Amino acid sequence: MLEQILPYLLAGVSVGGQYALIAIGYTMVYGILRLINFAHGDIFTVSGFVMVYAAATMPLTLSIPLTIVLTVALAVLVEKVAYRPLRTAPRMSVMISAIGMSYLLQNSMWYLTGGLPKQYPVLPWISDSVNVAGSSTSRVTVVTPFLVVVLVAGLVLLIKRTKIGMAMRAASRDFETAQLMGIKINNVISFTFVVGSFLAAVGSMLYFSNYATVTPTIGAMPGLKAFVAAVFGGIGSIPGAVIGGFIIGICESLIKGAGLTTFSDAFTFALLIVILAVKPTGLFGENLTEKV
Amino acid sequence: MIKKKDYKKTWIALLIAAAILILVVVLDNLPSKVVPSMLLTVLQKGAIYALVAVSMNLLNGFTGLFSLGQAGFMLLGAYTYAVLTVPVARQASVYQRYPGGGLGFSVTESLGNSMGQLGLFLGVVLCLILAGCVAGLFAWFIGLPVLKLKSDYLAIATLGFAEIIRSVVQYEGLGPVTNGSNLLYGFTGFSDFHMGELKLTTMMPFLFAGASILIVVLLINSTYGRAFKAIRDDEVAAEAMGINLARHKRMSFVISSFFAGISGAMLAMFQASVQATAFKAAMTYEILLIVVIGGIGSVTGSVLGSFLFVGCSEWWLRFLDNETILKNFSAKVQFCALLAALIAVVVGFGLLRLKRSGRKIIFRSGKRIAVDWGPVLALALAALALGWDVWFLLSSNLKLPLLRSGFRMVVFSVVIMIVVLFFRKGIMGDQELWDLRRKRRSAKAKAGAGK
Amino acid sequence: MRENVLRVENATMQFGGVVAVDNLNLEINKGEIVSLIGPNGAGKTTAFNVITGVYAPSNGRVEFCGETIVRNHPQGKMKKLYKGQNPELYTTGLRLPDTGITPEERTLLEADERERDPAAFTDKVLCPTPDRITNLGMARTFQNIRLWKSQTVFDNILIAKHLRRTSNLFSATFRMNRREEEAQRADVERLLDIVGLGGLRDELATSLPYGKQRRLEIARALATEPKLLLLDEPAAGMNPQETNDLTEFIARIRSELGLTVFLIEHHMDLVMDISDRIYVLDFGGLIAKGTPADIQNDQRVIDAYLGVAEDA
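Here's a quick rundown of the structure. (Residues numbered from 1 in each chain as written. Chains lettered and ligands numbered in written order. Predicted model: local features only at pLDDT ≥ 70, side-chain atom pairs only at ≥ 80, totals over all residues. Heavy atoms only, no water.)

1. Details of the overall build of chain A
Okay, step 1: For chain A, the count of helices and strands is 11 helices and four strands.
Okay, step 2: Along the longest, intermediate and shortest principal axes, the C-alpha atoms of chain A span 60 × 45 × 35 Å.
Okay, step 3: Out of the 292 residues belonging to chain A, those deemed buried represent 56%.
Okay, step 4: A separation threshold of at least 6 residues defines the contact pool for chain A, and within that pool the share at least 24 residues apart is 75%.
Okay, step 5: Just so you have it, chain A exposes about 12300 Å², and 68% of that area is on carbon and sulfur atoms. (Helix = DSSP H or I, 4+ residues; strand = E, 2+ residues; numbered from the N terminus. Buried < 20%, exposed > 50% of the residue type's maximum accessible area, 1.4 Å probe, protein only. Contact = heavy atoms within 4.5 Å. Areas by Shrake-Rupley, 256 points an atom, 1.4 Å probe, with all protein chains shown as cover.)

2. So, the packing of helix 9 (residues 220–233) of chain A against helix 10 (residues 238–257) of chain A
All names here are of chain A.
Okay, step 1: Axis separation between helix 9 and helix 10 bottoms out at 7 Å; the angle between their running directions is 125°. Relative to helix 10, helix 9 is oriented oblique. The interaxial crossing formed by helix 9 with helix 10 has right-handed handedness. Contacts from Lys225, Val228, Ala229, Ala230, Phe232 and Gly233 of helix 9 reach helix 10 at Gly240, Ala241, Gly244, Gly245, Ile247, Ile248 and Glu252.
Okay, step 2: Partitioned by chemical class, the residues of the contact of helix 9 with helix 10 number seven nonpolar, four polar and two charged. (Axes fitted to C-alpha atoms, helices over the stretch in contact; angles between N-to-C directions. Parallel < 35°, antiparallel > 145°, perpendicular 65-115°, else oblique. Left-handed = near helix turned anticlockwise from the far one by under 90°. Nonpolar A, V, L, I, M, F, W, Y, C, P; charged D, E, K, R; others polar.)

3. Some details on the side chain of Gln44 of chain B
Residues and elements named next belong to chain B.
Okay, step 1: When you line up the elements, Gln44 lands in helix 2 (residues 37–62).
Okay, step 2: Among the residues examined, Gln44 registers a relative accessible area of 10% and is labelled buried.
Okay, step 3: Among all residues touching Gln44, those that are not within four sequence positions of it are Thr201, Thr202, Pro205 and Phe270.

4. Side note on the interface of chain B and chain A
Okay, step 1: The partner chain A presents 41 residues to the 44 residues of chain B that form the contact.
Okay, step 2: Carbon and sulfur atoms make up 78% of the surface buried where chain B meets chain A, a total of about 3800 Å² over both sides.
Okay, step 3: When the area that chain B buries against chain A is broken down by residue, the three leading residues are Asp152, Tyr153 and Ile156 of chain B, summing to 17%.
Okay, step 4: Our count for the chain B to chain A interface comes out at one salt bridge. (Buried area = accessible area lost by both parts, 1.4 Å probe. Salt bridge = Lys/Arg side-chain N within 4 Å of Asp/Glu carboxyl O.)

5. Structural notes on the pairing of strand 7 (residues 228–232) of chain C
Residues and elements named next belong to chain C.
Okay, step 1: Within strand 7, five of the five residues are buried, which leaves the element mostly enclosed by the surrounding structure.
Okay, step 2: Because side chains alternate across strand 7, one face comprises the buried residues Leu228, Leu230 and Asp232, and the other comprises Leu229 and Leu231, equally buried.
Okay, step 3: Pairing analysis gives three bridges linking strand 6 (residues 138–140) to strand 7, with the strands arranged parallel. Across the sheet, Ala139 pairs through a bridge with Leu229, a residue of strand 7. (Pairing = 2+ DSSP bridges.)

6. Examining the environment of Leu304 of chain B
Okay, step 1: Along the chain, the position of Leu304 of chain B falls in helix 13 (residues 299–316).
Okay, step 2: Sequence separation between Leu304 of chain B and Thr188 of chain B is 116 residues; the distance between their C-alpha atoms is 28 Å.

7. Examining helix 9 (residues 240–257) of chain C
Okay, step 1: When the terminal C-alpha atoms of helix 9 of chain C are compared, their 25 Å separation across 18 residues agrees well with the 26 Å that a helix rising 1.5 Å per residue should span.
Okay, step 2: In this structure, the buried side of helix 9 of chain C is in contact with strand 3 (33–37), helix 7 (178–195), helix 8 (210–223), strand 7, strand 8 (260–264) and helix 10 (268–274) of chain C. (Expected span 1.5 Å × (residues − 1).)

8. As for the pairing of strand 2 (residues 129–132) of chain A
Residue and element names in this part refer to chain A.
Okay, step 1: Of the pairings in the sheet, the one linking strand 2 to strand 3 (residues 135–138) comprises four bridges and is antiparallel in character. Looking at strand 3, one finds that Asn131 is bridged to Ser136.
Okay, step 2: Connecting strand 2 to the antiparallel partner strand 3 that follows it, the hairpin turn spans two residues, and Ala133 within it adopts a positive phi of roughly 45°.

9. Thoughts on the sheet that holds strand 8 of chain C
Whether parallel or antiparallel, the strands of a sheet pair through hydrogen bonds between backbone atoms.
All names here are of chain C.
Okay, step 1: Strand order in this open sheet of six strands is 6-7-8-3-9-10, and the pairing throughout is mixed. This sheet does not close on itself; its edge strands, each paired only once, are strand 6 and strand 10 (285–290). Across this sheet, the average inter-strand angle for adjacent strands is 15°, counted without regard to direction.
Okay, step 2: Contacting strand 3, strand 6, strand 7, strand 8 and strand 9 (277–282), helix 1 (residues 44–51) runs over the sheet at an angle of about 140° to strand 8.
Okay, step 3: Against the sheet, helix 8 touches strand 6 and strand 7, its axis set at about 155° to strand 7.

10. A look at the interface of chain C and chain B
Okay, step 1: Each partner contributes to the interface: chain C provides 36 residues, whereas chain B provides 31 residues.
Okay, step 2: Between chain C and chain B the total buried area reaches about 2800 Å² when both faces are included, carbon and sulfur atoms providing 58% of it.
Okay, step 3: Sorting the residues of chain C by area buried against chain B places Trp148, His162 and Leu169 of chain C first, and these three jointly supply 22% of that buried surface.
Okay, step 4: Along the contact surface separating chain C from chain B lie two salt bridges.
Okay, step 5: Linking Arg146 of chain C and Asp234 of chain B is a salt bridge whose minimum nitrogen-to-oxygen distance equals 2.9 Å.

11. Overview of the pattern of salt bridges
Okay, step 1: A complete count under the given rule lists 30 salt bridges over all chains for this structure.
Okay, step 2: We note a salt bridge from Glu163 of chain B to Arg166 of chain B, for which the minimum N-O separation is 2.7 Å. Taken as a pair, Glu163 of chain B and Arg166 of chain B lie in helix 6 (residues 151–169) at a separation of three residues, close to a single helical turn. Taken individually, Glu163 of chain B and Arg166 of chain B each receive the classification buried, so the pair is uniform in this respect.
Okay, step 3: Here Glu225 of chain C ties to Lys161 of chain C by a salt bridge, and the two come within 2.8 Å at their closest N and O atoms.

12. Side note on the packing of helix 8 (residues 203–220) of chain B against helix 13 of chain B
Residues and elements named next belong to chain B.
Okay, step 1: Where helix 8 meets helix 13, the closest approach of the two axes is 11 Å, and the angle between their N-to-C directions is 155°. In this view, helix 8 runs roughly antiparallel relative to helix 13, as classed from their interaxial angle. Across the interface between the two elements, Phe206, Ile213, Val217 and Ile220 of helix 8 pack against Val299, Val303 and Phe307 of helix 13.
Okay, step 2: Grouping the constituent residues of the contact of helix 8 with helix 13 by class yields seven nonpolar, no polar and no charged.

13. Thoughts on a nonpolar patch on the surface
Okay, step 1: There is a patch of nonpolar side chains on the surface, built from Leu137, Phe138, Trp140, Phe141 and Leu144 of chain B and spanning about 490 Å² of accessible area.
Okay, step 2: Overall, Leu144 of chain B belongs to the partly exposed group, its relative accessible area being 40%. (Patch = residues over 30% accessible without salt bridge, like charges linked within 9 Å, V, L, I, M, F, W, Y side chains within 5 Å.)

14. Some thoughts on the sheet that holds strand 1 (residues 4–15) of chain C
Residue and element names in this part refer to chain C.
Okay, step 1: Within the open sheet, the four strands sit side by side as 2-1-4-5. Their pairing is antiparallel. Of all strands in the sheet, those bounded by a partner on one side alone are strand 2 (18–29) and strand 5 (67–71). With direction set aside, neighbouring strand axes in the sheet form an average angle of 20°.
Okay, step 2: As defined by bridge partners, strand 1 adjoins strand 2 across eight bridges and the pair is classed as antiparallel. Bridging from a neighbouring strand, Arg7 pairs with Glu27 of strand 2.
Okay, step 3: Across the face of the sheet, helix 1 comes into contact with strand 1, strand 2, strand 4 (59–64) and strand 5 while running at roughly 115° to strand 1.

Quick look at the structure:
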């Protein structure tokens with residue numbers, strides 16, 4: 001029994017870790033801007049494409065850092081162009097801008113790549129196959145959860161111990177007061193996007209090592225699922241996003257294992273609706289009430 | 001006095017509607033040399049999208065509920081319609097993967113056989129209403145848990161439900177009805193309508209969409225519509241003034257989904273086939289963008305926006321997708337002049353805006369001199385584009401750069417982003433066409449009183 | 001005995017560690033103008049919110065025109081909260097306290113309780129949403145003005161007429177309710193005249209000056225055809241002239257429309273001028289009640305407003 005489940009469990013943990021990395025980007029941006037950054041999933045895809053093209057022309061030692069740098073630059077650019085001008089606008093406008101940005105990124109990717117799926121480069125070591133308790137899987141599956149834990153630990157330290165981390169916490173608590181207290185809010189927000197997209201870039205390397213092909217719209221679904229993970233864990237909470245990511249990844253993988261592949265996406269959203277109905281703030285979210 | 005005025009207005013509206021319908025019928029029946037077939041496509045699809053955009057606007061713009069489930073309800077409507085109207089004789093071939101699949105009857109076929117065109121019409125109307133009812137029924141159930149949520153949570157939950165609907169429809173177990181993830185086709189479409197030799201293909205979507213939009217407009221201007229707007233403006237105050245939030249939100253959600261269902265069914269009729277994979281979140285986003293372009297809270301805006309959107313994406317921007325080689329040097333001169341003029345206009349507008357806002361490109365900030373980099377960057381880009389334009393004119397290359405498959409959508413999404421960022425109110429803001437006239441009149445009256 | 005309109009019993013409202021309203025007991029009779037005053041943060045607006053159904057109290061009962069409209073029902077977290085006095089009276093499943101009364105007295109009290117509220121001692125939850133309470137005939141205004149921003153003055157009042165409609169969705173959409181619609185519009189015109197906003201009917205609500213926005217809020221509340229009008233700081237931000245006008249206005253609507261008025265206010269001139277009776281709240285609890293003259297001479301009220309020296 002366990003032997004049958006194990007491969008799916010492993011795959012679930014791996015994809016869950018990747019969701020977790022993307023989810024952190026969502027949850028941090030939402031924590032500060034109260035914005036679902038719909039373009040985040042597409043930035044994740046762009047990162048995949050950049051890697052495809054970079055790896056074709058230069059060695060991996062160069063292409064990996066280049067991919068990360070370009071992904072981060074794009075995310076910061078998106079924030080500057082699409083979100084910063086709307087800082088005082090109603091929330092709905094910013095969300096629409098995010099959707100428009102996602103549309104633009106997808107269409108641009110389609111245009112630049114010709115819309116054909118691209119083969120993701122094979123990363124050495126990480127793509128090797130290994131044996132875990134009798135079932136063979138690629139090393140990325142095993143590495144992912146550990147890498148996620150390390151990155152999240154680093155991130156938590158960053159937020160708890162550094163000055164910029166303190167500024168981020170202050171901004172997510174009360175945007176306007178933080179501004180009045182002399183925090184340069186634009187820098188904080190840019191930094192949030194830097195961190196979020198860095199994790200998304202790492203996530204994309206792990207994800208596409210497993211899936212092997214990149215298409216312009218491939219990021220939309222994992223992006224949405226990662227957002228669900230963030231909501232599930234309680235938006236604004238980083239540990240919440242990580243736990244949510246793992247739970248969703250594992251459940252999805254087990255459902256696929258049970259032969260109900262059609263329902264794996266539906267399940268994720270059903271989970272979302274259940275959690276929103278039962279505990280609207282997610283597992284670790286805080287309650288906010290409106291003053292009358 | 002008031003009543004008489006109302007009757008007059010009604011008559012004018014009816015006359016305009018009749019004129020539009022007649023015009024569409026005429027366009028449909030002119031030889032294809034005179035009327036490009038693309039125009040008819042745009043008109044049909046535009047009318048369908050107008051209805052779904054209005055339905056989304058009812059929810060997002062008038063009730064203030066940010067829902068992203070439209071594609072799911074369209075899918076329900078489309079499938080309901082298709083399943084009900086696939087002709088019996090074709091059911092075996094449509095449902096070939098599920099022997100014995102299909103309902104074994106077809107509403108439009110049986111009514112059409114017994115009563116001719118009138119029966120066909122009645123059958124389609126009946127099935128459209130049923131399609132809307134199925135969507136509305138689902139909306140009622142979905143609304144129970146979902147409508148308690150606020151803004152973005154509501155958006156993401158409705159988006160989630162749309163995805164759930166899509167995957168459930170594709171479920172193998174439902175195959176005998178929905179044909180699984182395969183195409184449904186062969187059902188009654190718009191092209192089956194004609195009056196003798198007279199084609200009514202384009203008139204039908206106008207008729208159905210027009211009637212539906214009319215109902216929405218009547219609703220918005222009724223006491224219930226006013227309550228919706230109160231909920232949008234201030235929920236707490238609306239509740240304190242005795243408006244039952246849960247009930248009115250559900251009402252708006254169900255009605256919006258009802259019309260989304262109808263428009264989904266019409267989309268199926270237009271495409272002559274339907275497949276669940278087409279009704280993705282991307283479709284909802286497109287509809288949302290139409291609503292934004294037209295103006296959130298404006299029905300006429302949504303209608304104009306959808307024709308513009310469909311026109312641009314299907315027709316006017318098509319040339320951007322084709323690799324183009326200019327015929328001769330004079331064509332090239334024309335192209336370059338046009339591009340230069342375009343750049344000049346854009347830069348001119350930008351400078352005008354800057355001047356009006358009172359900002360300066362170079363200004364003093366404390367003791368040092370600072371530069372506003374935004375406009376500088378924009379000017380540099382414009383100069384670069386202009387330089388390239390000149391270079392292109394002087395070079396011997398006749399092939400237009402950038403134009404190839406996919407460029408249309410890039411340009412299109414850039415335009416949309418510009419609207420979203422700089423013209424946030426869209427074409428109409430929250431005004432209606434008929435408001436504009438009244439406003440001008442009242443402004444005049446005020447000016448007169450001032451004298 | 002005068003007819004009772006509003007009666008609040010042992011109302012207690014706790015948020016986390018803060019007891020915002022502590023055992024509030026008050027009564028308002030028909031035709032009275034009653035004020036609720038107290039220093040900032042005394043819990044006045046929270047009391048309003050409990051009465052109008054915005055919050056479910058952690059203990060207590062609200063009666064309106066002899067009918068119990070709110071009876072707390074501690075559920076979930078609320079069970080652990082501070083409940084003030086006599087929680088047994090309002091908590092479901094429990095009976096009156098055993099101590100200090102004879103069985104006969106208890107039976108009588110219970111019967112009395114059942115008469116006032118047939119749902120007493122059952123598991124029925126009684127915490128209706130604000131719209132239900134407004135439907136019963138209680139309307140309010142807000143401390144920070146909450147008009148419908150995109151609507152005109154006329155429409156703001158017209159929308160408040162929505163709850164008295166008899167038309168359903170179908171008849172309203174297809175304009176089969178023309179007579180009702182016309183009656184509503186005529187009513188709105190009348191209200192506009194009463195509050196003196198007749199000339200501004202087509203202006204956007206938010207374009208009005210502050211004082212007129214407050215008047216519009218009152219007009220909007222009146223449109224719901226209330227028996228009891230709750231005004232939350234109607235004179236906030238008004239100059240003395242406007243305050244005087246408002247005082248007259250409130251007195252006039254009381255006499256013309258036969259209303260009962262319950263108001264929170266900081267302008268003591270207005271309060272002392274207009275009130276029949278006054279309740280004073282401090283730190284959530286009632287510290288004084290009585291006629292304006294009583295209140296003016298009450299030492300505890302003076303202390304609450306001016307503060308007491310620590311060593312005094």
